[in-house]
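What follows is the residue order along each chain.
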Amino acid sequence: MIDTKIFNDTKHAFVLKSEKDLKRSLFLFSMMNIPYFVPVSTAATNLALNLKLPIEPIVRETIFKQFCGGETQDDCMPLVKKMHKENVYSVLDYSVEGKENEEEFDKAADTKIEIIKYAASAKEIPFAVAKPTGLGRFDIWEKVTANDTLTDEEQEEWERIKVRFERVCQAAYDNDIRLLIDAEETWMQDAADNFIEDMMRKFNKEKAIIFNTLQCYRWDRLSYVKAIHERAKKEGFKLGFKTVRGAYMEKENARAKRHGYQTPICEDKEATDVNFNAVMCYIIDNIDDISQFIGTHNEVSTYMALQLMSQKDLYLSDDRIWFGQLYGMSDHISFNLGRVNSNAIKLLPFGPIKDVIPYLIRRAQENSSVQGQTGRELALLREEKQRRDGQYVKRVE
């Protein structure tokens, strides 16, 4: 059985953090723990960008170093190799957002394929990531989801989106790199779900290469998984899912209220936790058919998965089950999982500082909105600081 105190070991959790790194993390999480700091700092950052003020050096030394691996793939590799020595793998995520024209979408597809090929040459990087709206306009995904009639021009645009997407999936298959495809807002997600299922049907004959994402704050995700599981068994293909709690709750609830339909979001955090754990456990119960990337910063859910694996006599290193956390967060989960030889992995964003600022802002907003997340990070960082200071005192004595 796994030790229930596995995630309390701060020495291993922060093994890669220098004193400078630790102080920076303490400062950032202390600030994010202050009410209104994130919205005020976000507004200030956006204003500075609009005024073209030289804020990049400040961003680089603070939030960028906390949550990103570098500006290029090569920049990330020293960190990737350091983490791998601690048995923690990496997913490189080119985190440039907000592109809107065909030329940029073509470039995004080419970039994803380059990253996939790059990952194929690095044993430390077993996954790649893609985002549906990174390869085509949100409005088109939305119209297809709503079964609205597309104009001739829009139909041509939709066909180009599918070609881009399939090129990326083909590259993942050809290079034996698993591809995690992000989930987005519900009013565009059906089109993405249907297309990703087609890609699973084509490329997941032997094992899961293409992974869809399940946002489990949606109360319908367990029934969705059960339905697609039945289709996959009948048609003979494997499933892959990244299981997360979700990222668009306020937006989803506001839109449902505005348009007068039932919200697709669970009624509260407790219901979301129950739904997440139910989906996660269903997949582990059906591990011969479904591979899973468990994306969570929740210790209870992680420990529950480890217990279920133990009950089913699955190795902690079973390649069909991975545990992923964002770089800069939840090191107490990632590095302690790596210590017991579980499949731990960090999502490592990279890109030019100016271009990834929207991602960094969103990361700070999401981190501060998760109840207890910032406080837990801060408590662990303080504990490690005290542990190191105590060692220093002992050495001096």
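For the structure itself, consult the block above.
The paragraphs below set out a description of the structure included in this document. These figures come from a predicted structure and were not determined experimentally. Along each chain, numbering runs from 1 in the same order as the chain's sequence is written. Per-residue local features are limited, in this predicted model, to residues with pLDDT of at least 70; the limit for side-chain atom pairs, both in listing and counting, is 80 or more; totals at the level of whole chains, interfaces and linings are taken over all residues. Note that the side-chain values use all heavy atoms of the structure and ignore hydrogens as well as water.

1. Notes on the overall build of the protein chain
Here is step 1 of the chain: For helices the rule is a DSSP run of H or I covering at least 4 residues; for strands it is a run of E covering at least 2, with both sets numbered from the N terminus onward. Scanning the protein chain for helices and strands turns up 16 helices and eight strands.
Here is step 2 of the chain: It is over C-alpha atoms that the radius of gyration is taken, and the globule rule equals 2.2 Å times the number of residues to the power 0.38. Computed over C-alpha atoms, the radius of gyration of the protein chain comes to 21 Å, within 12% of the 21 Å expected from 2.2 N^0.38 for 397 residues, which places it in the range of a compact globule.
Here is step 3 of the chain: C-alpha atoms of the protein chain, sized along the principal axes, occupy 75 × 60 × 45 Å.
Here is step 4 of the chain: Burial statistics for the protein chain: of 397 residues in total, 52% are counted as buried.
Here is step 5 of the chain: When checking whether two residues touch, look at their non-hydrogen atoms; a contact exists if any pair is within 4.5 Å. In the protein chain, the share of contacts with a sequence separation of at least 24, taken over all contacts with a separation of at least 6, comes to 79%.
Here is step 6 of the chain: Here the protein chain holds 57 positive side-chain charges and 64 negative ones, and the gap between their average locations is 5 Å. Burial classes follow relative accessibility: with a 1.4 Å probe on protein chains only, a residue under 20% of its type's maximum area counts as buried, one over 50% as exposed, and anything between as partly exposed. Charge counting treats Lys and Arg as positive and Asp and Glu as negative, with His and both chain ends excluded. Positions of charges follow a simple convention, taking NZ of Lys, CZ of Arg, CG of Asp or CD of Glu.

2. Some details on the packing of aromatic side chains
Here is step 1 of the chain: A pair of Phe, Tyr and Trp rings is counted when the ring centres sit within 6.5 Å of each other, with Trp represented by its six-membered ring. The angle between the planes then sorts it: under 30 degrees is stacked, over 60 is edge-to-face, the rest tilted. Across all of its chains, the model carries 12 aromatic pairs by this definition.
Here is step 2 of the chain: Seen in terms of ring centroids, phenylalanine 29 and phenylalanine 67 are 6.5 Å apart; in terms of plane orientation they differ by 75 degrees. Their pairing is edge-to-face. Highlighted residues: phenylalanine 29 in helix α2 (residues 19-32) and phenylalanine 67 in helix α4 (residues 56-67), separated in sequence by 38 residues. Just as phenylalanine 29 is buried, phenylalanine 67 falls in that class too.
Here is step 3 of the chain: For the pair tyrosine 224 and phenylalanine 241, a centre-to-centre distance of 6.3 Å together with 70 degrees between the ring planes defines the contact as edge-to-face. With a gap of 17 residues between them, tyrosine 224 in helix α10 (residues 221-235) and phenylalanine 241 in strand β5 (residues 239-244) connect regions that are remote in the sequence. Considered together, tyrosine 224 and phenylalanine 241 belong to a single accessibility category, that of buried residues.
Here is step 4 of the chain: Members of the aromatic cluster, connected to one another through ring pairs, are Tyr89, Phe127, Phe211, Phe293 and Trp322.
Here is step 5 of the chain: Positioned above the aromatic ring of phenylalanine 127 is the side chain of arginine 178, whose terminal nitrogen or guanidinium carbon lies 4.6 Å from the ring centre.
Here is step 6 of the chain: Put simply, a charge is over a ring when the Lys NZ or the Arg CZ is close to the ring centre, within 6 Å, and near the line of the ring normal, within 35 degrees. Over the aromatic face of tyrosine 224 sits the side chain of arginine 221, whose NZ or CZ is 4.3 Å from the ring centroid.

3. A few points about the state of the cysteines
Here is step 1 of the chain: The disulfide criterion is simple: two cysteine sulfur atoms within 2.5 Å. Per the stated rule, a full pass over the model turns up zero disulfides.
Here is step 2 of the chain: With no disulfide of its own, cysteine 76 lies 8.3 Å from the sulfur of cysteine 68, the closest cysteine sulfur.
Here is step 3 of the chain: In this structure cysteine 76 comes out as buried when scored by relative accessible area, which is 0%.

4. Considering helix α14 (residues 331-339)
Here is step 1 of the chain: Of all nine residues making up α14, eight are buried, and the element is well covered by its neighbours.
Here is step 2 of the chain: At the C-terminal side of α14, asparagine 341 shows a positive phi close to 70 degrees.

5. Quick look at the environment of alanine 191
Here is step 1 of the chain: Within the fold, alanine 191 resides in helix α9 (residues 186-203).
Here is step 2 of the chain: For alanine 191, a relative accessible area of 5% puts it in the buried group.
Here is step 3 of the chain: Ignoring sequence-local partners within four residues, the contact set of alanine 191 consists of Trp141, Val144, Thr145 and Trp158.

6. Examining helix α3 (residues 37-50)
Here is step 1 of the chain: To estimate how far a helix should reach, multiply one less than its number of residues by 1.5 Å. Here α3 contains 14 residues, and its C-alpha end-to-end distance of 20 Å stays within 8% of the 20 Å for a straight helix at 1.5 Å per residue.
Here is step 2 of the chain: Regarding α3, the residues found buried are Val38, Thr42 and Ala48. For α3, the buried positions fall inside an angular range of 130 degrees around the axis, keeping them on one side. Summarising the geometry of α3, the exposed residues directed more than 90 degrees from the buried face are Val40 and Asn50.
Here is step 3 of the chain: A positive backbone phi angle near 55 degrees is found at lysine 52, which sits one or two residues after α3. Each direction from the helix axis to a C-beta atom contributes to the arc, which is the arc of those directions.

7. Overview of the pattern of salt bridges
Where side chains of opposite charge bring their charged atoms close, a pairing between them can arise.
Here is step 1 of the chain: Definition used for salt bridges: Asp or Glu carboxyl oxygen within 4 Å of a side-chain nitrogen of Lys or Arg. Inspection of the entire model under this criterion finds 40 salt bridges.
Here is step 2 of the chain: The residue glutamate 71 makes a salt bridge to arginine 60 at a minimum N-O spacing of 2.8 Å. Separated by 11 residues along the polypeptide, glutamate 71 in the loop between α4 and α5 (73-85) and arginine 60 in helix α4 bring together distant segments of the chain.
Here is step 3 of the chain: Between arginine 164 and glutamate 102 there is a salt bridge, with its nearest N and O atoms 2.7 Å apart. Of this pair, arginine 164 sits in helix α8 (residues 152-175) while glutamate 102 sits in helix α6 (residues 102-120), and the two are 62 residues apart along the sequence.
Here is step 4 of the chain: Residues participating in the shared-partner salt-bridge network are Glu197, Asp198, Arg201, Arg231 and Glu235.

8. Notes on unusual backbone geometry
Here is step 1 of the chain: Of note in the backbone geometry, aspartate 176 takes a positive phi value of approximately 55 degrees without being a glycine.
Here is step 2 of the chain: Relative to the helices and strands, aspartate 176 is located in the loop between α8 and β3 (178-181).
Here is step 3 of the chain: Backbone geometry places asparagine 341, a non-glycine residue, at a positive phi of 70 degrees.
Here is step 4 of the chain: Counting through the fold element by element, asparagine 341 comes out in the loop between α14 and β8 (344-350).

9. Quick notes on the environment of leucine 214
Here is step 1 of the chain: Counting through the fold element by element, leucine 214 comes out in strand β4 (residues 210-215).
Here is step 2 of the chain: Exposure remark for leucine 214: the relative accessible area of 0% places this residue in the buried category.
Here is step 3 of the chain: Separated by 32 residues in sequence, leucine 214 and aspartate 182 place their C-alpha atoms 8.6 Å apart.
Here is step 4 of the chain: Contacts of leucine 214, omitting those with residues within four sequence positions, involve Arg221, Tyr224, Val225, Phe241, Lys242, Thr243, Val244, Val279 and Ile283.

10. A word on the nonpolar core
Here is step 1 of the chain: Only buried residues count toward a nonpolar core, which is a set of Ala, Val, Leu, Ile, Met, Phe, Trp, Tyr and Cys residues joined through side-chain atoms within 4.5 Å. Core analysis: the biggest nonpolar cluster contains 81 residues, and Leu92, Leu179, Ile210, Val225 and Phe241 have the highest contact counts within it.
Here is step 2 of the chain: The biggest single contributor to this core is α9, with nine residues.
Here is step 3 of the chain: Each residue touching valine 225, except ones within four places of it in the same chain, is listed here: Leu214, Phe241, Val279, Tyr282, Ile283 and Ile290.
Here is step 4 of the chain: Core analysis: the second largest hydrophobic core is formed by 39 residues, Ala48, Met329, Ile357 and Leu378 among them.

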